[in-house]
Amino acid sequence: MTVKEYIPKVAMSIHAHPDDQEFTVAGTLARWAGSGCEVVSVVITRGDAGSNDPAHDQTYKPTLTAIREQEQRAANGLLGIRETVFLGQPDGELEPTIPLRKDLTRLIRRYRPQVVVTGDPQAVFYGNGYINHPDHRAAAQLALYAAFPSAGSRLLFADLLEEGLEPHNVERVYIHGSEKPDTWVDIAGTIEIKLAALRAHASQLGDWDPEKMIREWATEEGKQGGLQYAEAYKVMVLEESEDRGTTD
Ligand SMILES: [Zn+2]
């Protein structure tokens, strides 16, 4: 028996900064979008701390915000994502607050994704060389608890009902950057698109070419899943779906 590949009809990618999605899950999103999935890309902060150029001070922030929005839209265009939502929070100061959880709950109820894709709210250390950005953890926690229990609980943020936003049950949460992944998405067919989308974030890359690192990551995650190139996830299955979408 062959297992049908799970491809959602609607997926929502929720991340802290412009470019987070491209570094992590863009191969998966491009694969899904290419199979007819409507992907909604949510960026919570403005990314306006993303420059260490000594020529700039805080007066540069609105300009940088605009640059980074444009880069994210370009990246999403390459990935086949038509819907991009910016929540406009200050970069570097993100906290998992109830008002922000409500904002994400509103988006989930509006777009009604089967899948939410986000980071791991438990991840503090990656190896010995990278402390996970606190915005990443906060974004992941916000996304997780907006997906469950907030989106599906009628009397949680009950005033959303007055906006016509009925409860919605998310079927699955795909968590990247987990220490214990259990699901591998084949990105051999989309790694080039992932690289192109990442390169759209020119303000962040400077002269650095991310290709070697991205291929190494994809190879490493692919090894675990028996694939050439993969993106790895811990997948929470909150609801079994009847219709499992298209297959490959
Ligand atoms: Zn980031």
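Residues numbered from 1 in each chain as written. Predicted model: local features only at pLDDT ≥ 70, side-chain atom pairs only at ≥ 80, totals over all residues. Heavy atoms only, no water.

**What to know about the coordination of the zinc ion**
Here is step 1: Around the zinc ion, the protein contributes the donor atoms His17 (ND1), Asp20 (OD) and His136 (NE2), which lie 2.0 to 2.1 Å from the metal centre.
Here is step 2: Within one chain, the residues donating to the zinc ion are spaced in sequence as H-x2-D-x115-H. Placement of the pair is His17 in the loop between strand 1 (10-15) and helix 1 (20-24) and His136 in helix 5 (residues 134-150), with a sequence separation of 119 residues.
Here is step 3: On the accessibility criterion, His17 (6% relative accessible area) is buried. (Donors = N, O, S within 2.8 Å, 3.2 Å for Na, K, Ca; no water. Helix = DSSP H or I, 4+ residues; strand = E, 2+ residues; numbered from the N terminus. Buried < 20%, exposed > 50% of the residue type's maximum accessible area, 1.4 Å probe, protein only.)

**Side note on the sheet that holds strand 2 (residues 38-45)**
Here is step 1: Pairing is mixed across the open sheet formed by seven strands, whose spatial order is 3-2-1-4-7-9-8. Unpaired on one side and paired on the other, strand 3 (83-89) and strand 8 (183-186) mark the two borders of the sheet. Put simply, the sheet's adjacent strands are angled 25° from each other on average, direction ignored.
Here is step 2: Alignment of strand 4 (residues 115-118) against strand 7 (residues 172-176), held across four bridges, turns out to be parallel. Along strand 7, the bridge assignment pairs Val115 with Arg172.
Here is step 3: Lying over the sheet, helix 8 (residues 211-225) contacts strand 8 and strand 9 (230-237), oriented at roughly 55° with respect to strand 9. (Pairing = 2+ DSSP bridges. Axes fitted to C-alpha atoms, helices over the stretch in contact; angles between N-to-C directions. Contact = heavy atoms within 4.5 Å.)

**Looking at unusual backbone geometry**
Trans peptide bonds make up the majority, and among non-glycine residues the majority have a negative phi.
Here is step 1: Going from Phe148 to Pro149, the amide bond is cis rather than trans, its omega being 5°.
Here is step 2: With respect to the helices, strands and loops of the structure, Pro149 is situated in helix 5.
Here is step 3: Look at Arg112: it is not a glycine, yet its phi comes out positive at around 55°.
Here is step 4: Its location among the elements puts Arg112 in the loop between helix 4 (98-111) and strand 4.
Here is step 5: Residue Arg112 is classed as partly exposed on the basis of its relative accessible area, which comes to 34%.

**Observations regarding the nonpolar core**
For soluble globular proteins, nonpolar side chains are generally found buried alongside one another.
Here is step 1: By size, the foremost hydrophobic cluster in this structure holds 24 residues, and its most contacted members are Ile14, Val42, Leu94, Leu104 and Ile108.
Here is step 2: Those elements that provide at least two residues to this core are strand 1, strand 2, helix 4, helix 5 and strand 7.
Here is step 3: With seven residues, the single largest contributor to this core is helix 5.
Here is step 4: The contacts of Ile14, once residues within four sequence positions are left out, are Val42, Ile44, Leu104, Val116, Val117, Thr118 and Ala143.
Here is step 5: Among the nonpolar cores identified, the runner-up in size contains 22 residues, and Ala11, Ala30, Trp32 and Tyr233 belong to it. (Core = buried A, V, L, I, M, F, W, Y, C linked by side-chain atoms within 4.5 Å.)

**Side note on the packing of aromatic side chains**
Here is step 1: A full pass over the atoms with the stated rule returns five aromatic pairs.
Here is step 2: Where Phe23 meets Trp208, the ring centres are 6.4 Å apart and the plane angle is 20°; that geometry is what we call stacked. You can see Phe23 sitting in helix 1 and its partner Trp208 sitting in the loop between helix 7 (202-205) and helix 8, a full 185 residues away along the chain.
Here is step 3: For Phe23, a relative accessible area of 18% corresponds to the buried category.
Here is step 4: With centroids separated by 6.2 Å and ring planes inclined at 20°, the aromatic side chains of Tyr126 and Tyr130 adopt a geometry described as stacked.
Here is step 5: Here the aromatic residues Tyr6, Trp32, Tyr174 and Tyr233 are joined through ring pairs into a cluster of three or more.
Here is step 6: Above the face of the Tyr6 ring, Arg172 is positioned so that its terminal group lies 3.8 Å from the ring centre. (Phe/Tyr/Trp six-rings, centres within 6.5 Å; stacked < 30°, edge-to-face > 60°. Lys NZ or Arg CZ within 6 Å of the ring centre and 35° of its normal.)

These results come straight from atomic positions and should not be treated as a statement about function.
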